[in-house]
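Each chain, written out:
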Amino acid sequence: EHHDEAAEGAVALTPQAIAAAGILVQPVSSGGMAGEILAQASVTGSPSGQAVLTARAAGAVTRVYKRLVDRVRAGEVLAAVESREAAQIAADRSVANAKATLAQRILAREKSLFEQRVSPRVDYEQAQAEAQAASAEARRAETAAGAAKVTADGRGVVVSSPISGRVTAASASLGAFVQPETELFRIADPQLLQVEAAISGADAPRIAPGDRAVVELADGRTIEGRVRSITPSLNAETRTATAVLDVPPRGLQPGQSVRARIVPQVAGRSGAIVVPEEAVQSIGGRDVVFVRTATGVKTFPVPVGQRSAGRAEIVAGLAAGQAIAARNAFLLKAELGKGEGEEH
């Protein structure tokens, strides 16, 4: 009889079979329903993981080397723009360099004449000052050409990426005349992402940097993260604060809509466990969850408290760290029912 009771409610499954069935097994953590903050959120690139590229001078697009979703390395050229402004910048650089070279030659001659006591000191000092001024102008012109990314032949400018990543937006067209402020490409590094959650004014004071956060994807997967920061004031239009979450980049894309669950540290002391509502199944008139065992899963009766927004509060029984079937638990219920039917 003891053996029959131990086997009751158990389903033998290998880890491979669990994964193949799409059953998500994850550990639970403490924190009551009242302590959780649910918020709509979106995935964005971190400040150092996204870039907007524009031409540095007005002109016509003559080359386009990259298209949407193409990979880009830092410093790689995406397009070329032929520009009269670039030609002027290149000409100024050439003139400045020529003047600097001439000034250095005059300085060398004046120094020689001064050392031979042929020219007075004032001529030598004047040549020194003019050489320094010419060198400074040459450096300024070189910096301006570098900032504009003028091509070697001086006919135009190139549009290059300051970061590695993928092209997430591309509006450059061959022959199009563009101004310096016109956006041509947008680059995002898929490894440098963050999640921005909209927090109501009532919940914002409860959140602090370091709070635990869970990002829920549309397919049911969850990603653990932490609150990095939260804006000190509310947006004038939406009346919400923005919490920035640090999360691993796996399975996320810029612009993706997700849901965030934030557990303030003060709520972490609650003994109640909150699980996805679909993890709770009704068998024989009892609410149960499927707890992971060494050989598969086993039903575990639990008392359920509040249910809200697809979440259910387990008021007793489960302990933080236990692994349960959080998604597609109904498949296990069906498998259990099939096994019982075969026995009868």
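One structure accompanies this document, and this report is about it. (Residues numbered from 1 in each chain as written. Predicted model: local features only at pLDDT ≥ 70, side-chain atom pairs only at ≥ 80, totals over all residues. Heavy atoms only, no water.)

### Some thoughts on the sheet that holds strand β7 (residues 77-82)
- Taken together, the four strands give an open sheet; going across it, the order is β8-β7-β5-β10, and neighbouring strands pair in antiparallel fashion. Edge positions in the sheet fall to β8 (156-160) and β10 (177-178), since each of these pairs with one other strand and no more.
- Bridge analysis of strand β5 (residues 59-64) against β10 gives two bridges, and the strand direction is antiparallel. Looking across to β10, one finds that glycine 59 is bridged to valine 178. (Pairing = 2+ DSSP bridges. Helix = DSSP H or I, 4+ residues; strand = E, 2+ residues; numbered from the N terminus.)

### Here we look at the sheet that holds strand β16 (residues 257-263)
- The six strands are arranged β3-β12-β15-β14-β13-β16 in a closed barrel whose pairing can be described as antiparallel. Each adjacent strand pair in this sheet contributes to an overall mean axis angle of 40°, direction not counted.
- Direction of pairing for strand β3 (residues 37-45) relative to strand β12 (residues 193-200): antiparallel, over a ladder of five bridges. Looking at β12, one finds that glycine 45 is bridged to leucine 193. (Axes fitted to C-alpha atoms, helices over the stretch in contact; angles between N-to-C directions.)

### Topic: helix α3 (residues 84-115)
- The end-to-end C-alpha distance of α3, which contains 32 residues, comes to 47 Å, matching closely the 46 Å that a straight helix rising 1.5 Å per residue would cover.
- Every buried residue belonging to α3 is among Ala86, Ala90, Arg93, Ala96, Ala100, Ala103, Leu107 and Glu110, and all of these are buried.
- Packing partners of the buried residues in α3 comprise α4 (121-148) and β8.
- The N-capping residue of α3, defined by a side-chain oxygen 3.1 Å from the backbone nitrogen of glutamate 85, is serine 83.
- Of the residues flanking the end of α3, it is arginine 117, one or two places downstream, whose phi is positive at about 60°. (Expected span 1.5 Å × (residues − 1). Buried < 20%, exposed > 50% of the residue type's maximum accessible area, 1.4 Å probe, protein only. Contact = heavy atoms within 4.5 Å. Polar contact = N/O pair within 3.5 Å; in protein donor to acceptor, adjacent residues only side chain to side chain.)

Note that every value here comes from positions in space, so none of it alone points to a role or purpose.
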